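The primary structure of each chain is shown beneath.
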Protein chains: 4
Amino acid sequence: MAGNTFGNLFRLTTFGESHGPALGGILDGCPAGLALDLQAVQADLDRRRPGQSALTTPRKESDSVEWLSGLLESEGRMVTTGAPLGFTVANTSAKPQDYDHLKDTFRPSHADFSYEAKYGFRDHRGGGRSSARETVSRVVAGAVARQLLAQQGVEVSAYVERVQDLQMPLPPSFHSREEVDAHPVRCPHPETARRMEERIADVKKDGDTVGGALVLVARGVPAGWGEPVFDRLHADLAKAMWSLPATKALELGSGMQGTLMRGSQHNDAFVSRGDRVGTATNRSGGIQGGISNGEDIVLRIGFKPVATLLQPGTSVDREGQTVDLPGRGRHDPCVLPRAVALVEAMACLVLADHSLRQRAARLTFGA
Amino acid sequence: MAGNTFGNLFRLTTFGESHGPALGGILDGCPAGLALDLQAVQADLDRRRPGQSALTTPRKESDSVEWLSGLLESEGRMVTTGAPLGFTVANTSAKPQDYDHLKDTFRPSHADFSYEAKYGFRDHRGGGRSSARETVSRVVAGAVARQLLAQQGVEVSAYVERVQDLQMPLPPSFHSREEVDAHPVRCPHPETARRMEERIADVKKDGDTVGGALVLVARGVPAGWGEPVFDRLHADLAKAMWSLPATKALELGSGMQGTLMRGSQHNDAFVSRGDRVGTATNRSGGIQGGISNGEDIVLRIGFKPVATLLQPGTSVDREGQTVDLPGRGRHDPCVLPRAVALVEAMACLVLADHSLRQRAARLTFGA
Amino acid sequence: MAGNTFGNLFRLTTFGESHGPALGGILDGCPAGLALDLQAVQADLDRRRPGQSALTTPRKESDSVEWLSGLLESEGRMVTTGAPLGFTVANTSAKPQDYDHLKDTFRPSHADFSYEAKYGFRDHRGGGRSSARETVSRVVAGAVARQLLAQQGVEVSAYVERVQDLQMPLPPSFHSREEVDAHPVRCPHPETARRMEERIADVKKDGDTVGGALVLVARGVPAGWGEPVFDRLHADLAKAMWSLPATKALELGSGMQGTLMRGSQHNDAFVSRGDRVGTATNRSGGIQGGISNGEDIVLRIGFKPVATLLQPGTSVDREGQTVDLPGRGRHDPCVLPRAVALVEAMACLVLADHSLRQRAARLTFGA
Amino acid sequence: MAGNTFGNLFRLTTFGESHGPALGGILDGCPAGLALDLQAVQADLDRRRPGQSALTTPRKESDSVEWLSGLLESEGRMVTTGAPLGFTVANTSAKPQDYDHLKDTFRPSHADFSYEAKYGFRDHRGGGRSSARETVSRVVAGAVARQLLAQQGVEVSAYVERVQDLQMPLPPSFHSREEVDAHPVRCPHPETARRMEERIADVKKDGDTVGGALVLVARGVPAGWGEPVFDRLHADLAKAMWSLPATKALELGSGMQGTLMRGSQHNDAFVSRGDRVGTATNRSGGIQGGISNGEDIVLRIGFKPVATLLQPGTSVDREGQTVDLPGRGRHDPCVLPRAVALVEAMACLVLADHSLRQRAARLTFGA
């Protein structure tokens, strides 16, 4: 219970289901005095919005944030007061009745069965709380976190590196939002993006789905963020990424590939970079001993093909009887282009939290 | 700060450095009335102990647990009282002076630099708090968790699936401790184990290190454990695994391979299994929507080659000057055989915690 | 930061200011399967509502709860699903402009100065987050907690024992809501209630305020709730009561009076009460060693006279200059009648939380 | 469960029972770089030690702290490294067998019954975890907190204001340790101290006990500490004080007496104090809206007469049968002189925690 809160000092609690009246959250711990660019928050949210391109679900949601607290107008800007930020996002296109036929059915690889096993109760309306629509609140809060990080010189950007077997031919590195969003598939390599788009279109035609991999890079993170031994920076990033609905794999820096190397090859040599110590390579992915070392933080996140198909199938009901699944609904053939917004939001939440936790690390403040 | 606590209802807090007088921890929240088999705890700890075979560091530590609280003798057995379990493990072979030459040096891919960046202060004695020796307390607590889980029919077992490129030719599945420990390399496939052992010997001769992959399987976990939306069961398992010192990659169920499939191929069909609902395949890895579904929980964890080499090298000091590293110390050429104990311990901690959290999920208790 | 969350397994997070668009909260951890009587929640809230009698502020607020998540209709009733309950209460009578003249002034014994000292920022609109209006969300959540407790046979009731020096001539004991609400002053001793009412009217005429004391009794709490050593049941109750805006004193059982006695007089003798062990007296106030013992839990809470006067006065501004305070606004001459709802809500939150925590105390479930 | 941790960023977890081998704790979150005066820690602990004067229990314990981690010698001083501080205090005078006759008996106003009701299990050896001996770990951690606070100009001091009905004739104010410790009863008013000492001697002769009241003052706390709305500074102080074994009453500033006043009399007028804003009176007790305002923080804590008598009595056993209590053991006739150390320690823990939390309150650091 009480699993709907994330973070320590910068802390998000969310509520809401796919087909209830609204979703929303409370973001507690945002320092006072941050002039919040509400349009930038909305822009982040728009990258997650359904219906933004032909690649996504046709469900129509304006997904506009309503701010209920924590902000005060000051010199023409909305500034955080130190009070918790309460916000809602209305469900304007909820169609709970579309799911009445699923009341007694467990859809394959959905949370239908496990939720019912847990609670003795299930919200069958579009997955209820288990729906990926729940992540809308995370993107709102992540957008606030992003602005707090920007004040500290930190930028977070993710992109689609691979759809099914179509992988862009470049190693993980930072790509600006402009580059990433140049193509609706959000792969910054135009030729690969084009092929990914075709693949997604093919899969959609079949009523099927595909997964792939995202890369996330945070740059400008100063050395010193992360808390040994359990709240290592990458442990919290891992929890963040694995709290998303479709994650199947996670890699940091050299990742699984790095486990094939010898230590003498794998180690990142320290080098002097003028005023700071840097590393010649970045197999550590910007984190050593659970603490950022000033290099880019680099993650790869594998996302499964989503479970909801548009093709008919079968499953079992509560009594174990086989039932037909008609294969309707409004769903994405490939969630990765929209998931870019999710992994960025979660990374921003983790980094913002650790930026505040770091303030308590030393007796006196310093560089 | 305050990152040295793990878990919610079943909660471990640890202390201790590699070369201080002792390490230890406090395990809070273990239900009263558990008859604890202290020898079994020690047996778990012995699997982590240095010097247990020719494959490991020659550092000699008896690693015996001293219990300080929380237990009362009752009918000849030591039984938990509901009070926190305090325990220590002495460092009998600490040699802090061995590290004096490293006082001003940052060893590559160690936490030397990042700790100093964080705290403005560094415990140079063998890595201090960042040393893998810190995990000794986790294994003690994990062993208690294992016994709590056994009462609920849950077994957790891990093994070495791959050392560098040598991978056993069988898909992930449950192997008993007997099978796993039959060979000191802890790979349950004898032919592969033999080859892994040779590889480790070769690498050791070169003063080098290798990594690889572990598989962890939890069986008997009832459907219903895990807390949406942030404390998903696999999110907490991910945090647990990524809080270990050498983790580079994590996969659940079908893992990265699964992201190459189409949804229609990837979905796990529900089937009726007599008195319960099961799945025909287990690409979900036993967890759906963040909640266990009654199938085996299956993780793969990639471990990097450890950074401490026995061969000489160079690095930089605090002023960015190049310094020689002599390449001495007492270290493992491959930590995976001992890491089996660590990943099992962390998984047990997570599962024990969620077994207690699940007790609060419903208004009334029931099946 | 992040101080807007209360509770562990049954956990409330709130947002909202006195003169923003809405207040609200997220209640996480309510077990699934509770049929929630929404009208009873509203009834609890109505006891806190401004304008309910001539004794209270004339500010008009309907204070009706909007439920946004966590409930599903099942057989004609609204039942909790295990998902977090999100709710809002609109501010329909906010008049932020009424406070423009206070922008640069620190009102005496308000939070104006300390908030500004903390955040470098102040929401001057009616006290912002420091306003007692914030407690509206607590009453909503407390009402849900009350219904969870009712399932376990627990009842919580509070009443006004004293207004200024007018104290009812009976020792603390349980009084039903019917008795308490028989008079708008919420003192169950009619003669004293009448005199209290007159006193409040007198004070109001002077533009002044008065405080007093409340008694809270929880009956039916089974022995065994509370968690040593820091989360003692009364430690959590104390935190709850002291988190309210006007608390100045708290007593448990025999209270300050009990500290005048000798141990031989003060001890509560155990007696056999048929099927259970009870105590002959209840100076312990129902809690021993931080754990409930099955007797009534009895608290006395002292509330100060509220700081906002309707008579003119002076104060200082940010520069330390003396400024006039005109003494307008819409405020209560005595908050105690409405505070009954607050202390009950907070006690219900604590007890509901501990009822769930108790589920994890033993290896096996039992009586 | 898991109630043995206190604090957020500055966080203490404790273990240990009255008659086990040792007690101890882990203090996590102490900033790196604090040169810890270990003798001063021991001096704090000595004020709590049994057998320090004729007023206290004859139980002999040296109560010396063993430090196990988190410190490194640097330039001749022991300095915190940022790693958790692990420590133990041995029980050298444990006599568990002295309690064998109590195995099946519930002593009046002790935790015997409620612990057994909770855990289905009881550690009968001197109260086990419920013993006040548990507080030894709090005093160790509180002493570290005190040194962290000293760096910030904050001093915390408590004294005995009243024993039974003998009250010193001065309003609460700051008294130095020198003044307080001038008399073993720890009342800074010599004439009252002398009479208190006589009273305690009389009571001891009768095998009885007495309680009374302590005053605690924290001075030098800057304006701005405390976190609305639940983690108000006095809410956390209240939880701290009520987590002690004998607390029956708590007052802040004007306390219960203040609830007799009118608002116009009770309000603290703001005044300009040169470079800062102060208040002419301090009925608020240094905290407004849950946040410190720069004035002295003033608490009064009522302690009951401890339950363990040296005179014979009766009680009931598990079956409800009357049993004789012989009235032996080693106990204090009045715990207040030693409790001075406890309330100071708890206040220091709360203030140190909030001093770190305050660091995250604003976007940029400032005055």
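Small disclaimer: the values here were computed from a predicted structure and weren't measured. (Residues numbered from 1 in each chain as written. Chains lettered and ligands numbered in written order. Predicted model: local features only at pLDDT ≥ 70, side-chain atom pairs only at ≥ 80, totals over all residues.)

Student: Whenever I open this one, the overall build of chain A confuses me. Can you help?
Tutor: Assigned secondary structure in chain A consists of 9 helices and 20 strands. The globule rule puts the C-alpha radius of gyration for 367 residues at 21 Å, and the 21 Å found for chain A is close to it. In terms of overall dimensions, chain A has a C-alpha envelope of 65 × 50 × 40 Å along the principal axes. (Helix = DSSP H or I, 4+ residues; strand = E, 2+ residues; numbered from the N terminus. Rg over C-alpha atoms; globule rule 2.2 N^0.38 Å.)

Student: Where do I start with the pairing of strand β15 (residues 276-279) of chain C in this structure?
Tutor: A regular strand carries its side chains on alternate faces of the sheet. All names here are of chain C. Residues V277 and T279 of β15 are buried on one face, while the alternating residues R276 and G278, pointing to the opposite face, are not. Here 4 bridges tie strand β14 (residues 270-273) to β15, and the two strands are oriented antiparallel to one another. Bridging from a neighbouring strand, V271 pairs with G278 of β15. Linking β14 back to β15 in an antiparallel pair, the connection comprises 2 residues, with G274 at a positive phi of about 65°. (Buried ≥ 20, exposed ≤ 12 C-beta atoms within 10 Å, placed from the backbone. Pairing = 2+ DSSP bridges.)

Student: Help me out: how do you make sense of the sheet that holds strand β20 (residues 322-325) of chain A in this one?
Tutor: Either a parallel or an antiparallel arrangement is found when strands of a sheet pair, and the pairing is made through backbone hydrogen bonds. Residues and elements named next belong to chain A. Pairing is antiparallel in the open sheet, where 3 strands are placed in the order β9-β19-β20. With one partner strand each, in any of the chains shown, β9 (105-106) and β20 form the two edges of the open sheet. Of the pairings in the sheet, the one linking strand β19 (residues 313-317) to β20 comprises 4 bridges and is antiparallel in character. Bridged to G313 within β20 is L325.

Student: Is there a simple way to think about unusual backbone geometry in this case?
Tutor: Only a minority of non-glycine residues have a phi that is not negative, and only a minority of peptide bonds are not trans. Residue and element names in this part refer to chain A. For the bond running from P228 to V229, omega is -10°, close enough to zero to count as cis. Mapped onto the fold, V229 is located in the loop between β12 (212-219) and α6 (233-242). Positioned with a positive phi, E75 is a non-glycine residue whose angle comes to about 50°. Here E75 shows up in the loop between β6 (71-74) and β7 (77-80). In this model, S109 sits at a positive phi of 55°, which is unusual for a non-glycine residue. As for its position among the elements, S109 is in the loop between β9 and α2 (112-119). Take S109: there are 28 C-beta atoms within 10 Å of it, and that puts it in the buried class.

Student: What should I look at first to understand the nonpolar core in this one?
Tutor: Among soluble globular proteins, nonpolar side chains are generally buried collectively. With 416 residues, the main nonpolar core has L214 of chain A, L214 of chain B, L214 of chain C together with L214 of chain D as its most contacted residues. Those residues in contact with L214 of chain A that lie beyond four places of it in its chain are A158, Y159, V160, E161, I301, F303, L336, A339, V340 and V343 of chain A. (Core = buried A, V, L, I, M, F, W, Y, C linked by C-beta atoms within 7 Å. Contact = placed C-beta atoms within 7 Å.)

Student: Any chance you could explain the interface of chain A and chain C here in plain terms?
Tutor: How large an interface is tends to be reported as the accessible area lost when its parts come together. Chain A puts 39 residues into the contact, and the matching count from chain C is 39 residues. At the level of elements, β2 (11-15), β3 (22-28), β8 (85-90) and α2 of chain A are the ones that each hand at least two residues to the side of chain A that touches chain C. Counting residues per element, the side of chain A that touches chain C draws most heavily on β3 of chain A, at 4 residues. Looking at the side of chain A that touches chain C residue by residue, the classes come out as 16 nonpolar, 17 polar and 6 charged. (Nonpolar A, V, L, I, M, F, W, Y, C, P; charged D, E, K, R; others polar.)

Student: What is the right way to look at the relation of the copies chain A and chain C in this model?
Tutor: Both copies of the chain are related by a screw-like operation: a rotation about an axis and a shift along it. For these two chains of identical sequence, chain A goes onto chain C by a turn of 180° and a shift of 0.0 Å along the axis, with RMSD 0.0 Å. Here the copies are linked by what is in effect a two-fold axis. Taken together, the interface assignments show that 100% of the residues at the interface of chain A recur at the interface of chain C, consistent with an identical surface on both copies. (Least-squares fit on C-alpha atoms with pLDDT ≥ 70 in both.)

Student: Before we go on, may I ask you to explain the confidence of the model for chain A in this structure?
Tutor: Predicted confidence across chain A gives a mean pLDDT of 93, with 98% of residues reaching 70 or more. Of the two predicted TM-score estimates for the complex, the pTM is 0.97 and the ipTM is 0.97. (pLDDT = per-residue confidence, 0-100.)

Student: Would you mind going over the relation of the copies chain A and chain B with me for this structure?
Tutor: Once turned by 180° and shifted 0.0 Å along the axis, chain A lies on chain B with an RMSD of 0.0 Å. When you check the interface residues of chain A against chain B, 100% turn up at the interface there too, and the contact is symmetric in its surfaces.

Student: Help me out: how do you make sense of the interface of chain A and chain B in this one?
Tutor: Facing the 91 residues of chain A at the interface are 91 residues of chain B. Of the residues assigned to the side of chain A that touches chain B, the class counts are 38 nonpolar, 36 polar and 17 charged. Taken together, the 3 bridges between strand β13 (residues 247-252) of chain A and strand β13 (residues 247-252) of chain B define a ladder with antiparallel strand orientation. Residue pairing across strands places E251 of chain A opposite A249 of chain B, the latter belonging to β13 of chain B.

Student: Is there a simple way to explain the sheet that holds strand β2 (residues 11-15) of chain C in this structure?
Tutor: All names here are of chain C. Read across the open sheet, the 5 strands follow the order β1-β2-β3-β8-β5; overall the sheet is antiparallel. Of all the strands in the sheet, the pair left with one neighbour each is β1 (5-6) and β5 (65-67). As judged from the 6 bridges shared by strand β3 (residues 22-28) and strand β8 (residues 85-90), these two strands associate in the antiparallel manner. Bridged to A22 within β8 is A90.

Student: Just to check I follow, could you spell out the packing of helix α3 (residues 136-150) of chain D against helix α9 (residues 336-357) of chain D for this structure?
Tutor: The angle between the axes and the distance between the axes are what describe a pair of packed helices. Residues and elements named next belong to chain D. Running from N to C, α3 and α9 cross one another at 50°; their axes reach a closest spacing of 8 Å. Judged by the angle between their axes, α3 and α9 are oblique. Crossing handedness for the pair α3 and α9: left-handed. The residues of α9 that touch α3, namely those facing R138, V139, A141, G142, A143, A145, R146, L148 and L149, are A341, L342, E344, A345, M346, C348, L349, L351, A352 and S355. By residue class, the composition of the contact of α3 with α9 is 14 nonpolar, 2 polar and 3 charged. (Axes fitted to C-alpha atoms, helices over the stretch in contact; angles between N-to-C directions. Parallel < 35°, antiparallel > 145°, perpendicular 65-115°, else oblique. Left-handed = near helix turned anticlockwise from the far one by under 90°.)

Student: In this structure, what is going on with α3 of chain D? I would like to understand it.
Tutor: Think of an α-helix as 3.6 residues a turn; residues three or four steps apart then line up on the same face. With 15 residues, α3 of chain D extends 21 Å between its outermost C-alpha atoms, agreeing within 8% with the 21 Å of an ideal straight helix rising 1.5 Å per residue. Counting buried residues along α3 of chain D, 13 of its 15 residues qualify, which places the element largely inside the surrounding structure. (Expected span 1.5 Å × (residues − 1).)

Student: How do you make sense of helix α9 (residues 336-357) of chain A when you look at a structure like this?
Tutor: For α9 of chain A, built from 22 residues, the straight-helix expectation of 32 Å at 1.5 Å per residue is met to within 8% by its first-to-last C-alpha distance of 31 Å. Most of α9 of chain A is tucked away, with 22 of its 22 residues classed as buried.

Student: Help me out: how do you make sense of the environment of N4 of chain B in this one?
Tutor: Examined against the element boundaries, N4 of chain B turns out to sit in the segment before β1 (5-6). Distance from N4 of chain B to M196 of chain B, taken between C-alpha atoms, is 34 Å for residues 192 residues apart in sequence. Beyond its immediate chain neighbours, meaning those up to four positions away, N4 of chain B contacts V229 and F230 of chain A, T13, T14 and F15 of chain B together with D28 and P84 of chain D.

Student: Looking at this model, I keep getting lost on the environment of L351 of chain A. Mind explaining?
Tutor: All names here are of chain A. Tracing the sequence through the fold places L351 in helix α9. Given 29 C-beta atoms within a 10 Å radius, L351 is considered buried. With 339 residues separating them along the chain, L351 and L12 place their C-alpha atoms 13 Å apart.

Student: Quick question: what am I supposed to make of the packing of helix α6 (residues 233-242) of chain C against helix α6 (residues 233-242) of chain D here?
Tutor: In contact at an axis separation of 8 Å, α6 of chain C and α6 of chain D are set at 160° when each is read in the N-to-C sense. Comparing the axis directions of α6 of chain C and α6 of chain D gives the class roughly antiparallel. When you trace α6 of chain C past α6 of chain D, the crossing you get is right-handed. Facing H234, A235, D236, A238, K239 and W242 of chain C of α6 of chain C, the residues of α6 of chain D in contact are H234, A235, D236, A238, K239 and W242 of chain D. Considered class by class, the residues forming the contact of α6 of chain C with α6 of chain D number 6 nonpolar, 2 polar and 4 charged.

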